[in-house]
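Okay, here's what each chain looks like letter by letter:
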There are 2 protein chains.
Amino acid sequence: MSEDVKFWHLRNHQLFWVLNNSQVRQLCIITNFKRAKKGEMINFGEKESSRIYLLKKGNLKLVQVDEQGNEFIVDIIQQGELFGSLNVEGDDSSYEYAQVLTDRVVLCSFGVSDFERLLSENPTLAISYTKLVGFRLKRVKNSYSNLFFKSAKERLIAFLKDWANREGKINENQVCLDNFLTQKEISQIICSSRQTTTQLFNDWEQQGLISYSRKEIRINNLKALG
Amino acid sequence: MSEDVKFWHLRNHQLFWVLNNSQVRQLCIITNFKRAKKGEMINFGEKESSRIYLLKKGNLKLVQVDEQGNEFIVDIIQQGELFGSLNVEGDDSSYEYAQVLTDRVVLCSFGVSDFERLLSENPTLAISYTKLVGFRLKRVKNSYSNLFFKSAKERLIAFLKDWANREGKINENQVCLDNFLTQKEISQIICSSRQTTTQLFNDWEQQGLISYSRKEIRINNLKALG
DNA sequence: TCCATAATGTAATCTTCCAGACATTTGCCT
DNA sequence: AGGCAAATGTCTGGAAGATTACATTATGGA
């Protein structure tokens, strides 16, 4: 990928607005670009090779795997978001990987140490980055505390609402979602069984409130679901 | 509180190891010290007044309250930890407060804007701070993903194990915990009903595996609980 | 010391949703 | 086109644990 394109990508990310052009050019040099297709997995966690990723196009899921092998979808990353070793510290038992959800993704990455050097030279960038991580913390806390006090149905509604806010397209009163998730994946996100999720979608479908397909989800009236 | 004592407190926190003495002295000036007693509440969230706290002594809980008024214990903060507006960004719907659990706590705090200025002058500090928040993020993720795949019993065991690791005192094979939590609070942490928690403790008590009182919890054999 | 209040103990229902066990459909690959 | 795997649809019992409803016991403050 040409330096020009790299430049454009980085220049367009909010986080790097505080850098001047020459700094961004510098950043280009340490940056690695990559394309990946649906289903591909991205591993991170090996201390040495740990990298920070910036997702330029597409969506992917962050999956955490515990000792028993349970897979748990921690977060859905969308266009423009950072992910990877935000935490930097090498530690522990839990393993995490990312998997591509959309047909293809474009992402770029820096090694953690390069990124750290950049931060130490640009305090303003360091603060922006700090805020970003803090925001992520808040998001995770929020989405989890949702899960505990809501029934499976409420959790699914909350998930759809969130999704609609993030990426929904409004078509004459309807919200339309590009569906790159299977019902199984949705259940993993909202922590319920696959069957329960299916049941809920079908109930809504029969009431004419929603239209589910593998390509898209159309919601006629978000508020009426409850 | 004298500047000297402030100095000692700050100098001893890992986060500030990267600062030199004169910088720590500077930090002392913007620092506010406070004592609080059991049950007292600390609010943060008002954008203007938001502060970052460093807990010097004691324990407290961070409680998140959602729109329905459900109270959810997000985290237990112990000696030496930072809490408060780690996220810096003022946002949204969810409200969070801290409540003192031990007889008394000692804490110091800075206004967010002062702290930000400090960060911008000390990029290394900013990086340390980022790692800290990242670590917190990891902890939250971990404790949550625990919750979803475990039964109430397993969750309680995991909680006790974690507690034992953090603050347990070993007495001739037994682990002894200073109990500043009620069973109700424990249930809030592990997300089960108060009655279920009570039942579990009593079962263990009858099997002679544990000894619960309001002052202390003594565990004879952590592994045998399962 | 006594009392009000909070914390703990116990039991009987009742709801939710998970876990199988299939059938059916969809969509991709060759 | 045809076949195969993955995704979806549907039904069942059963278990975990919430909820309700009290009884009992501690504890801190007046």
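Shown above is the structure to which this text applies.
Residues numbered from 1 in each chain as written. Chains lettered and ligands numbered in written order. Predicted model: local features only at pLDDT ≥ 70, side-chain atom pairs only at ≥ 80, totals over all residues. Heavy atoms only, no water.

Caption draft 1: Highlighting the sheet that holds strand E12 (residues 216-219) of chain A. All names here are of chain A. Taken together, the four strands give an open sheet; going across it, the order is E9-E10-E12-E11, and neighbouring strands pair in antiparallel fashion. Strand pairing shows two members of the sheet lacking a second neighbour, strand E9 (169-171) and strand E11 (210-212), which therefore form its edges. When the angles between neighbouring strand axes are averaged without regard to direction, this sheet yields 20°. As paired strands, strand E10 (residues 174-178) and E12 are joined by four bridges and run antiparallel to one another. Bridge pairing in E12 places Asp178 opposite Glu216. Its contacts with the sheet place helix H5 (residues 152-167) against E9, E10, E11 and E12, and it is angled at close to 85° to E10. (Pairing = 2+ DSSP bridges. Helix = DSSP H or I, 4+ residues; strand = E, 2+ residues; numbered from the N terminus. Axes fitted to C-alpha atoms, helices over the stretch in contact; angles between N-to-C directions. Contact = heavy atoms within 4.5 Å.)

Caption draft 2: View of the protein's contact with DNA strand C. Ala152, Ser193 and Thr196 of chain A together with Gln183 and Arg194 of chain B are the nearest of the 16 residues found near DNA strand C. Sugar and phosphate atoms form 63% of the subset of DNA strand C atoms that lie within 4 Å of the protein. Taking Ala152 of chain A, its main chain carries an N or O atom lying 2.7 Å from a phosphate oxygen of DNA strand C. Between Gln183 of chain B and DNA strand C, the recorded distance is 2.8 Å, taken from a backbone N or O atom to a phosphate oxygen. Put simply, the parts of the chain that give the surface near DNA strand C at least two residues each are helix H7 (194-206) of chain A together with helix H7 (194-206) of chain B. In terms of residue count, H7 of chain B provides more of the surface near DNA strand C than any other element does, four residues in total. (Near = heavy atom within 4 Å. Polar contact = N/O pair within 3.5 Å; in protein donor to acceptor, adjacent residues only side chain to side chain.)

Caption draft 3: How the structure looks around H5 of chain A. All names here are of chain A. Spanning 16 residues, H5 covers 22 Å between terminal C-alpha atoms, matching the ideal 22 Å at 1.5 Å per step. Residues Arg155, Leu156, Ile157, Phe159, Leu160, Trp163 and Ala164 constitute the buried set of H5. Of the surrounding elements, those touching the buried residues of H5 are helix H4 (123-149), E10, helix H6 (183-190), H7, E11 and E12. (Expected span 1.5 Å × (residues − 1). Buried < 20%, exposed > 50% of the residue type's maximum accessible area, 1.4 Å probe, protein only.)

Caption draft 4: Highlighting the relation of the copies chain A and chain B. Mapping chain A onto chain B calls for a rotation angle of 180° and an axial translation of 0.3 Å; the resulting RMSD is 0.2 Å. Taken together, these values place the two copies in the relation of a two-fold axis. (Least-squares fit on C-alpha atoms with pLDDT ≥ 70 in both.)

Caption draft 5: Spatial organisation of the sheet that holds strand E6 (residues 82-84) of chain A. Residues and elements named next belong to chain A. The four strands are arranged E1-E8-E3-E6 in an open sheet whose pairing can be described as antiparallel. Both outer strands of the open sheet, strand E1 (32-37) and E6, are each paired with one neighbouring strand and no more. When the angles between neighbouring strand axes are averaged without regard to direction, this sheet yields 35°. Strand direction decides the pairing type here: strand E3 (residues 51-57) and strand E8 (residues 104-111), joined by six bridges, are antiparallel. What sits directly across from Ile52, in E8, is Phe110. Most of the contacts of helix H3 (residues 112-121) go to E8, to which it runs at about 65°, and overall it touches E3 and E8.

Caption draft 6: View of the interface of chain A and chain B. The interface of chain A with chain B comprises 38 residues on the first partner and 38 residues on the second. Both faces considered, chain A and chain B share a buried interface measuring about 3800 Å² in area, 69% of it formed by carbon and sulfur atoms. The largest share of the area that chain A buries against chain B comes from Lys141, Phe148 and Phe149 of chain A, three residues that together contribute 17% of it. Here chain A is connected to chain B by zero salt bridges. Where chain A touches chain B, the interface holds zero residue pairs in polar contact (both at pLDDT 80 or more). Of all the secondary-structure elements, those providing two or more residues to the side of chain A that touches chain B are strand E5 (71-78), H3 and H4 of chain A. (Buried area = accessible area lost by both parts, 1.4 Å probe. Salt bridge = Lys/Arg side-chain N within 4 Å of Asp/Glu carboxyl O.)

Caption draft 7: Structural detail: the side chain of Gln183 of chain A. Assignment of secondary structure puts Gln183 of chain A in helix H6. Leaving out residues up to four positions away in the same chain, Gln183 of chain A has contacts with Arg194, Thr197, Thr198, Phe201 and Tyr212 of chain A.

Caption draft 8: Local environment of the packing of H6 of chain A against H7 of chain A. Residue and element names in this part refer to chain A. Running from N to C, H6 and H7 point in directions that differ by 110°, and their axes come no closer than 8 Å. Viewed along their axes, H6 and H7 adopt a mutual orientation that is roughly perpendicular. Between H6 and H7, the contacting residues are Gln183, Lys184, Ile186, Ser187 and Ile190 on the first element and Arg194, Thr197, Thr198 and Phe201 on the second. (Parallel < 35°, antiparallel > 145°, perpendicular 65-115°, else oblique.)

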